[in-house]
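Structural overview for review
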Amino acid sequence: MLIFWKERLVFLANTRTGSSSIERALETLAHVSVQRPSALKHLPAREVLAHIAPLLMGLTGEGFTTVALMREPVDWVGSWYRSRQRDYIAAAAGSSRGVSFAEFTEDYMAGRVAGFGGTDRGADLPLGRQSDFLCDDAGRLIVDRVFRYEDIGAFIRFLDDRLGCEITLPRLNVSPASALQLPAPLDLRLRDHLAADYTIYGGLPTVCRVCGPGR
């Protein structure tokens, strides 16, 4: 999570959406940078609005725009699978070494895949959905501006304009390549499991409570 005081902007670090690269590029511009522990770095929108936003409003008398990235939902699950094949996770409880993507998907839908790679606080909690990060408890989107990870250029242009400088992202925390094919019935079940995510993702980039449609 990054807080830009003067620009009245809060970047929410959704998992597996390039947040490490974004924070590396922007940490010198941010007035507050929360990169560890993971439970704080990836604090979901409902917690930010419940605890951080009132503090910022009380100190400045103004609201802060929240912004986040969202990845294509099945690819997001696949990114978690790939990330847990890295060498330093190989011996950890969260490793996906020797596990097919189909097996990982079944475990994920059954709530047997832990958050944060099994290496941080939150490891005892099942890996949820991106909609859990972006929405309130009633399932309503509460992040002001959401960009598709696959169109990260639009996000960078937004930052260039909002922060008044040209942003270049390094490549960090890149997962190893691996096949992500699923049998058709399992693929359909996974997409149904991620229905709330697809509802949000399908509306991007027009989902914008601050800037209006089409931005």
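Residues numbered from 1 in each chain as written. Predicted model: local features only at pLDDT ≥ 70, side-chain atom pairs only at ≥ 80, totals over all residues. Heavy atoms only, no water.

1. Topic: the pairing of strand β4 (residues 65-70)
Looking along a regular strand, one sees the side chains alternate between the two faces of the sheet. The buried fraction of β4 is high, at six of six residues. Residues of β4 alternate between two faces, with Thr-65, Val-67 and Leu-69 on one and Thr-66, Ala-68 and Met-70 on the opposite face, all of them buried. Here strand β2 (residues 9-11) pairs with β4 via three bridges, running parallel. Residue Leu-9 lies in a different strand from β4, and its bridge partner there is Thr-65. Inspection of the sheet shows β4 paired to strand β5 (residues 145-148) by four bridges, in the parallel sense. Residue Val-67 lies in a different strand from β5, and its bridge partner there is Arg-145. (Buried < 20%, exposed > 50% of the residue type's maximum accessible area, 1.4 Å probe, protein only. Helix = DSSP H or I, 4+ residues; strand = E, 2+ residues; numbered from the N terminus. Pairing = 2+ DSSP bridges.)

2. Digging into the packing of aromatic side chains
Think of a pair of aromatic rings as described by two things: how far the centres are apart, and how the planes are tilted against each other in angle. In the structure shown here, the tally under the stated rule is seven aromatic pairs. Ring plane angle 65° and centroid distance 6.1 Å describe the contact between Trp-5 and Phe-64, whose orientation is recorded as edge-to-face. Note that Trp-5 is positioned in the loop between β1 (2-4) and β2 and Phe-64 in the loop between α3 (45-60) and β4, a separation of 59 residues in sequence. With relative accessibility at 34%, the residue Trp-5 sits in the partly exposed group. Ring pairs connect the aromatic residues Phe-11, Phe-147, Phe-155 and Phe-158, which therefore count as one cluster. Above the face of the Tyr-201 ring, Arg-148 is positioned so that its terminal group lies 4.1 Å from the ring centre. (Phe/Tyr/Trp six-rings, centres within 6.5 Å; stacked < 30°, edge-to-face > 60°. Lys NZ or Arg CZ within 6 Å of the ring centre and 35° of its normal.)

3. What to know about a nonpolar patch on the surface
A cluster of nonpolar side chains, contributed by Trp-5, Leu-55 and Leu-59, occupies part of the molecular surface with about 310 Å² of accessible area. In this structure, Leu-59 sits in helix α3. Judged by relative accessible area, Leu-59 falls into the exposed class, the value being 56%. (Patch = residues over 30% accessible without salt bridge, like charges linked within 9 Å, V, L, I, M, F, W, Y side chains within 5 Å. Areas by Shrake-Rupley, 256 points an atom, 1.4 Å probe, with all protein chains shown as cover. Salt bridge = Lys/Arg side-chain N within 4 Å of Asp/Glu carboxyl O.)

So far we have only geometry, and geometry alone does not tell us how the molecule works.
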